[in-house]
Amino acid sequence: MVTATATAAPLLSVQGLTTIHGEAPCAACVALTGPEADRNQCPECGSIVACAGVSFDVWPGEVLGIVGESGSGKSTVLQCLYQDLQPAVGAAYFGGFAEGQRSIWDADRRERRELRTQSIGMVYQNPRQGLNLMVTAGGNIAERLLDANWRRVGDIREKASDYLQRTEVPLPRMDDFPAFFSGGMQQRVQIAKALANSPQLVLLDELTTGLDVSVQAGVLDLVRDIQRDYGLTAVIVSHDLGVIRLLADRTLVMKQGRVVESGLTDQILEDPQHPYTQLLVNCAT
Amino acid sequence: MNKPLLSVAGLSKSITLHILQGKVVTPLRDITFDLYPGEFLGIVGPSGAGKSSLLKCLYRTYVPTSGSMRYRTEAGEMVDLATAEEREMIALRRREIRYVSQFLKPPPRVEAADVVAAPLAAAGIEQREARARADGMLERLGLPDSLRSSFPSLFSGGEQQRVNVARALVSPPRLLLLDEPTSALDSENRARVLELLLEAKRDGVAMLGIFHDTEMLEHLADRVLVVEEGRVAREGRVGEVEIPNYIEAAAVEFA
Ligand SMILES: Nc1ncnc2c1ncn2[C@@H]1O[C@H](COP(=O)(O)OP(=O)(O)O)[C@@H](O)[C@H]1O
Ligand SMILES: [Mg+2]
Ligand SMILES: [Zn+2]
């Protein structure tokens, strides 16, 4: 039962997402992998089942966390949502696409491009993947806005400086190449780029991994401020429970490509049900 | 006679500790009670009796194992907090149900007044107004001016508790869950919290409160549930029901 206090429809509904890497996956791949088998590589054919049967909803204004050790399939889920990967099986209905009537994985080339450039923003673990290092910081944001059909140079310039300011990238650096920035500043430019055109959904992959602890705090605060000021709808992937605790309303726990548990974030942390989640939480505290 | 805001029936909670060879602990067994608007129900019992687990189940930080917790929403609908969708719990926490715990950690690097103002901001109240109301609340709780724009993660336990209480009451909830919210406060500050809680009670806020300090309960509680080994051992009016002295047990809990 959902009362009027909750929004009527999820922004994103993922159903049965399955992604298998391998030349010729066999019929037993899914059955022979997963948390019980404690492997994601099929012993019959050697294919890697990166994720299988993953289903979840994301509601407007909500931040969904995904935790799990490295290799558990978290990033695969984001890459499928951002159209970097085409899943083997599954559907994802997104409010920003075909009125939620067709799966984003049935989109044609033009529609895919629109999804990536306009409706969904991605922040990769490695800023080099989300940035064009041979283009200035301001130019990276301009690229994103041009892709989203912004046309007036003045507007673009203004928006770019606005977002770089928000993400605390010093304005004089707007015309410098991110190749020469620190990791933390590259990450902030990447966040500015992903958010500049106000996409309906933002995907964030390990956004603090690899950054110095002091820099991590700044990046987390930035995302939290954006969450507060713009009502961000996001999926945030991290192996760090501290990041999840700080940012996520609800959390999925993944192991060997499967969702083993999901719940309110404080419930996942204080009353974990699955043996794996109990282990994860007890190792962290 | 008005209707209960909350009806808890047959609530039990077991936890399977897979990392301890599947050991099962059962913090709550078959708890039943009603709570009315404006009523304060005190929860007492020895350390480890299940008091905190009860509040955590109501807030759904713990998933109940069986039983129901039927809650009447502001919109007049009945929701079983034991099985409500996560989405709905989030909405209720945002608008109607607040939880204050002794150990609640404020978010890092957020100014005290902003921590307190957050529920107002979430309710769409304009930032300056929200901040002003938050400041007023912290002032009533005697938190010095200089601390209001500092980070509570650096505060003493007692100062953190006052931030948590201020945040819970800055916009009155309909149901307030209090887990030893004054344990680190001196008598002057306890009196300040007491005054705010009495005010909230007059405004119709229903409360469940765990206090070691029987004096607080004498002022606040209409009824008391005595919880022992996860069960309701006795219940009744303050002064009528026997409340053993659990203070020694409490000292062990903090050790
Ligand atoms: N998440 C948990 N994991 C393991 N044991 C728990 C958990 N929560 C509660 N318990 C156990 O349940 C019992 C009741 O705990 P609690 O509700 O904290 O009691 P109280 O608040 O009355 O001191 C205790 O034995 C406690 O150790
Ligand atoms: Mg307790
Ligand atoms: Zn196979």
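Above this text sits the structure in question.
All residue numbers refer to positions counted from 1 along the written sequence of the respective chain. Think of it this way: whatever chain is written first is A, whatever ligand is written first is 1, and the rest follow in order. Per-residue local features are limited, in this predicted model, to residues with pLDDT of at least 70; the limit for side-chain atom pairs, both in listing and counting, is 80 or more; totals at the level of whole chains, interfaces and linings are taken over all residues. Only hydrogens and water are set aside; all other atoms, that is, all heavy atoms of the structure, feed into the side-chain values.

Novice: Explanation requested: the packing of aromatic side chains in the structure shown.
Specialist: Here the distance between the centres and the angle between the planes together describe a pair of aromatic rings. Pairing of aromatic rings covers Phe, Tyr and Trp, the last through its six-membered ring, and needs centres within 6.5 Å; plane angles under 30 degrees mean stacked, over 60 mean edge-to-face, and all others mean tilted. Scanning the entire structure with this criterion turns up three aromatic pairs over all chains. With a centroid separation of 6.2 Å and 80 degrees between ring planes, the pair formed by Y82(A) and Y124(A) is classed as edge-to-face. With Y82(A) in the loop between α1 (74–81) and β4 (89–94) and Y124(A) in the loop between β5 (120–123) and α3 (127–130), this pair connects stretches of sequence that are 42 residues apart. Neither Y82(A) nor Y124(A) differs from the other in exposure class; each is buried. Ring plane angle 35 degrees and centroid distance 6.1 Å describe the contact between F40(B) and F211(B), whose orientation is recorded as tilted. Placement of the pair is F40(B) in strand β3 (residues 40–44) and F211(B) in the loop between β8 (206–210) and α8 (214–220), with a sequence separation of 171 residues. We note that F40(B), like F211(B), is buried. We count a charge as sitting over a ring when the NZ of a lysine or the CZ of an arginine lies within 6 Å of the ring centre and within 35 degrees of the ring normal. We note R93(B) situated over the ring of Y59(B); from NZ or CZ to the ring centre the distance is 4.0 Å. For the purposes of this entry, the term helix denotes a DSSP run of H or I that reaches at least four residues, the term strand denotes a run of E that reaches at least two, and both are numbered from the N terminus. Relative accessibility decides the category of a residue: with a 1.4 Å probe and only protein chains considered, values under 20% of the type maximum give buried, values over 50% give exposed, and everything between is partly exposed.

Novice: It is not clear to me how the nonpolar core should be interpreted in this structure. Could you clarify?
Specialist: The nonpolar side chains of soluble globular proteins are, as a tendency, buried together. Nonpolar cores were defined as sets of buried Ala, Val, Leu, Ile, Met, Phe, Trp, Tyr and Cys residues, with membership established by side-chain atoms within 4.5 Å. Ranked by size, the top nonpolar core spans 47 residues in total, and within it L164(A) and I191(A) carry the most contacts. Looking at this core element by element, the count peaks at six residues for helix α6 (residues 183–195) of chain A. If we skip the residues at most four places from it in the chain, L164(A) touches A137(A), G138(A), I141(A), V169(A), L171(A), M174(A), V189(A) and A192(A). If you look at the next biggest cluster of nonpolar residues, it comprises 43 residues, including V100(B), V110(B), A130(B) and V241(B). Only heavy atoms enter the contact rule, under which two residues are in contact if any of them lie within 4.5 Å.

Novice: What should I look at first to understand helix α2 (residues 109–119) of chain A in this one?
Specialist: An α-helical turn contains 3.6 residues, so a residue and the one three or four places further along point in the same direction. Residue and element names in this part refer to chain A. E111, L115, T117 and S119 are the residues of α2 that are buried. Where α2 is buried, its residues meet β4, β5, α4 (137–147) and β6 (201–205). We call two N or O atoms a polar contact when they sit within 3.5 Å, provided that within protein one can donate a hydrogen and the other can accept it, with sequence-adjacent residues counted only if both atoms are side-chain atoms. Its side-chain oxygen at 3.1 Å from the backbone nitrogen of R110, D108 defines the N-terminal cap of α2.

Novice: Can you help me understand the layout of surface pockets in this one?
Specialist: We place a 1 Å grid over just the protein atoms. Points where a 1.4 Å probe fits but has no way out form a cavity, open points with protein on both sides within 12 Å along at least 5 of 7 lines form a pocket, and any residue with an atom within 4 Å of a point lines it. Grid points are joined across faces, edges and corners, and a volume is the space filled by probe spheres set on the points. Space inside the second largest pocket adds up to approximately 310 Å³. Any residue that is not Ala, Val, Leu, Ile, Met, Phe, Trp, Tyr, Cys, Pro, Asp, Glu, Lys or Arg is counted as polar, Gly included; the first ten are nonpolar and the last four charged. For the lining of the second largest pocket, the per-class residue count stands at four nonpolar, five polar and six charged.

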